[in-house]
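# Reading the structure
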Amino acid sequence: MNGENAQVFDKSLVMVSFIVSAFTAVLGPLLIWVLKKDDDPATGEALRHVVNFGLSYTIYMFVAWLTSFILIGLIIGPIITIAFYVFLIIGAIRANEGKVYKPPFTLDIVK
């Protein structure tokens, strides 16, 4: 562990949470966070970022779906989907490296 990250967390659990979010977006990471948030504060914080990531991008996709009637969502939807999977892969890699990752454009919904 190098000096750039002072937090030590269960990196395998956070990595699994990112991978599960590929299939469930919100429910899988939320369940993992609820079960494990009190075990270790650093792990709980990293898992919270994964939950907020899934919630944020679910909201963005819902808005894209709503705006598809005026054709904006047909352009924005695929971009959001690609960004979701790219940031998910980056998050899983960073978690494997032991680094806390908060993906871009993630809203702080769960505190």
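- Under the annotation held in an unreviewed UniProt entry, the protein chain carries the name DUF4870 domain-containing protein and is attributed to Salinicoccus bachuensis.
- Comment text from UniProt for the protein chain, heading Subcellular location (unreviewed entry), reads "Membrane".

## Things to note about the overall build of the protein chain
- Within the protein chain one finds 4 helices and 0 strands.
- Of the regular secondary structure in the protein chain, the N- to C-terminal order runs α-α-α-α.
- Relative to the compact-globule value of 13 Å for 111 residues, the protein chain shows a C-alpha radius of gyration of 15 Å, a close match.
- Counting only C-alpha atoms and orienting by the principal axes, one finds that the protein chain spans roughly 50 × 25 × 20 Å.
- Each of the 111 residues in the protein chain was classed as buried or not, and the buried ones make up 39%.

## Re the packing of helix α1 (residues 11-24) against helix α3 (residues 41-66)
- Between α1 and α3, the least distance of the axes is 10 Å, while the angle of their chain directions is 10 degrees. The pairing of α1 with α3 is recorded here as roughly parallel in orientation. Residues L13, V14, S17, F18 and S21 of α1 touch α3, and the partners they reach there are T43, A46, L47, V50 and F53.
- Looking at the contact of α1 with α3, its residues break down into 7 nonpolar, 3 polar and no charged.

## What about α1?
- Between its first and last C-alpha atoms α1 spans 20 Å; for 14 residues at 1.5 Å apiece the expected length is 20 Å, and the two agree.
- Among all positions in α1, only L13, V14, S17, F18 and S21 are buried. Projection of α1 onto a plane perpendicular to its axis shows the buried side chains occupying an angular sector of 145 degrees, all on one side.
- Here the buried face of α1 lies against α2 (27-36), α3 and α4 (72-96).

## Structural notes on the packing of α2 against α3
- α3 packs onto α2 with a crossing angle of 160 degrees between their chain directions and a minimal axis gap of 9 Å. Judged on the interaxial angle alone, α3 and α2 are roughly antiparallel. Crossing geometry of α2 relative to α3 is assigned as left-handed. Residues P29, L30, I32, W33 and K36 of α2 touch α3, and the partners they reach there are G44, L47, R48, V50 and V51.
- Looking at the contact of α2 with α3 residue by residue, the class counts come to 7 nonpolar, 1 polar and 2 charged.

## Section: the UniProt feature "transmembrane region" (unreviewed entry) in the protein chain
- In this structure's numbering, the residues bearing the UniProt feature "transmembrane region" (unreviewed entry) are residues 12-34, 46-63 and 69-93.
- Helix makes up 91% of residues 12-34 and strand makes up 0%, while its end C-alpha atoms are separated by 16 Å.
- The annotated region residues 46-63 carries 100% helix and 0% strand content, and the separation between its end C-alpha atoms amounts to 26 Å.

Rules used throughout
Residues numbered from 1 in each chain as written. Predicted model: local features only at pLDDT ≥ 70, side-chain atom pairs only at ≥ 80, totals over all residues. Heavy atoms only, no water. UniProt positions renumbered as here; feature names shortened; annotations may be inferred. Helix = DSSP H or I, 4+ residues; strand = E, 2+ residues; numbered from the N terminus. Rg over C-alpha atoms; globule rule 2.2 N^0.38 Å. Buried < 20%, exposed > 50% of the residue type's maximum accessible area, 1.4 Å probe, protein only. Axes fitted to C-alpha atoms, helices over the stretch in contact; angles between N-to-C directions. Parallel < 35°, antiparallel > 145°, perpendicular 65-115°, else oblique. Contact = heavy atoms within 4.5 Å. Nonpolar A, V, L, I, M, F, W, Y, C, P; charged D, E, K, R; others polar. Expected span 1.5 Å × (residues − 1). Arc of directions from axis to C-beta. Left-handed = near helix turned anticlockwise from the far one by under 90°.

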